[in-house]
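# Chains, contacts and geometry: an overview
Chain by chain, the residues run as shown.
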Amino acid sequence: ALVLTCKAMRAAPRASLVQEHGCGAIRALMASHPKLSETFATLRAADVIACAMEEHPMQGAVQLNAIKALLAVAPDHHAFETFKLNDHVENLVKSAELNHAHNSDVLRSSMSLLAYFPKAKVGLPAAAAHTTSAESGGSGVGTASFNSAVTASLSFSSASAVVTAAAP
């Protein structure tokens, strides 16, 4: 099932529903069958998930399912090694955090995932690393670009999350 899911996602990168449900399927498979970690690594499933995040930066459901799929893999050392040192994946998660600041599920999930990354500063995005998907080869539709002069701080309440950006 993991092989077919990755194949379908690679075949239809611009179809947001394929990407959303594909990331959801990967999440469910990894959560219920932890022994798939070697297959996950071999298929480069993290790259497939990253492609979905990059291609659909403003689709909250794609971002949430992608982050949760990566989060399902994070406790597995072997599978997580395939993407934890990849700054691109980390930056995509941070971009999702900023692009979906109104979505407390995305914020909670991204903060949980970022805690697994080395040098991760949970809740404080690496502002210089944020680019539009057009700058990194994607469609560039609806993503925000930030420069190093922008800082963001996250504050949480039980009902919602608020992102405040301020220039120094």
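See the structure above.
Notes on the structure in this doc start here. Bear in mind that the values here come from a model prediction, so they are computed numbers and not experimental data. (Residues numbered from 1 in each chain as written. Predicted model: local features only at pLDDT ≥ 70, side-chain atom pairs only at ≥ 80, totals over all residues. Heavy atoms only, no water.)

### Focus: unusual backbone geometry
- The phi torsion at Arg44 lies on the positive side, around 55°, for a residue other than glycine.
- By secondary structure assignment, the location of Arg44 is in the loop between helix 3 (37-42) and helix 4 (45-55).
- Overall, the relative accessible area of 53% leaves Arg44 in the exposed class. (Helix = DSSP H or I, 4+ residues; strand = E, 2+ residues; numbered from the N terminus. Buried < 20%, exposed > 50% of the residue type's maximum accessible area, 1.4 Å probe, protein only.)

### Side note on helix 7 (residues 87-99)
- With 13 residues, helix 7 should reach 18 Å at 1.5 Å per residue; the first-to-last C-alpha distance of 18 Å fits that figure.
- With respect to burial, helix 7 is a largely interior element, 11 of its 13 residues being buried.
- Along helix 7, the residues that are buried comprise Val89, Glu90, Asn91, Leu92, Val93, Lys94, Ser95, Ala96, Glu97, Leu98 and Asn99. (Expected span 1.5 Å × (residues − 1).)

### Regarding the side chain of Gln63
- As for its placement among the helices and strands, Gln63 is situated in helix 5 (residues 60-73).
- Under the relative-accessibility criterion, Gln63 is labelled buried at 2%.
- If sequence neighbours within four positions are ignored, Gln63 has contacts with Ala52, Met53, His56, Pro57, Leu92, Ala96 and His100. (Contact = heavy atoms within 4.5 Å.)

### Description of the packing of helix 5 against helix 8 (residues 104-114)
- At a minimum axis separation of 9 Å, helix 5 and helix 8 run at an interaxial angle of 30°. Taken together, the axis directions place helix 5 and helix 8 in an arrangement best described as roughly parallel. Where helix 5 crosses over helix 8, the two elements pack in a sense that is left-handed. Along its contact with helix 5, which presents Gly60, Leu64, Ile67, Lys68, Leu70 and Leu71, the element helix 8 presents Asp105, Val106, Ser109, Ser110, Ser112 and Leu113.
- Partitioning the contact of helix 5 with helix 8 into residue classes produces six nonpolar, four polar and two charged. (Axes fitted to C-alpha atoms, helices over the stretch in contact; angles between N-to-C directions. Parallel < 35°, antiparallel > 145°, perpendicular 65-115°, else oblique. Left-handed = near helix turned anticlockwise from the far one by under 90°. Nonpolar A, V, L, I, M, F, W, Y, C, P; charged D, E, K, R; others polar.)

### So, the nonpolar core
- Counting 35 residues, the largest nonpolar core has Ile26, Phe40, Ile49, Met53 and Phe83 as the members making the most contacts within it.
- The set of elements that each furnish at least two residues to this core consists of helix 1 (2-11), helix 2 (16-32), helix 4, helix 5, helix 6 (77-80), helix 7 and helix 8.
- The residues contacting Ile49, other than those within four sequence positions of it, are Cys23, Ile26, Phe40, Ala66, Ala69 and Leu70. (Core = buried A, V, L, I, M, F, W, Y, C linked by side-chain atoms within 4.5 Å.)

### A look at the pattern of salt bridges
- Considering all chains together, one arrives at four salt bridges under this definition.
- Measuring nitrogen to oxygen at the nearest pair gives 2.4 Å for the salt bridge that ties Asp47 to Arg44.
- A salt bridge links Asp105 to Arg108; the nearest nitrogen and oxygen atoms lie 2.8 Å apart. Here the residue Asp105 and the residue Arg108 both occupy positions in helix 8, the gap between them amounting to three residues, near one helical turn.
- Of the residues examined, Asp105 reaches a relative accessible area of 34% and is grouped as partly exposed. (Salt bridge = Lys/Arg side-chain N within 4 Å of Asp/Glu carboxyl O.)

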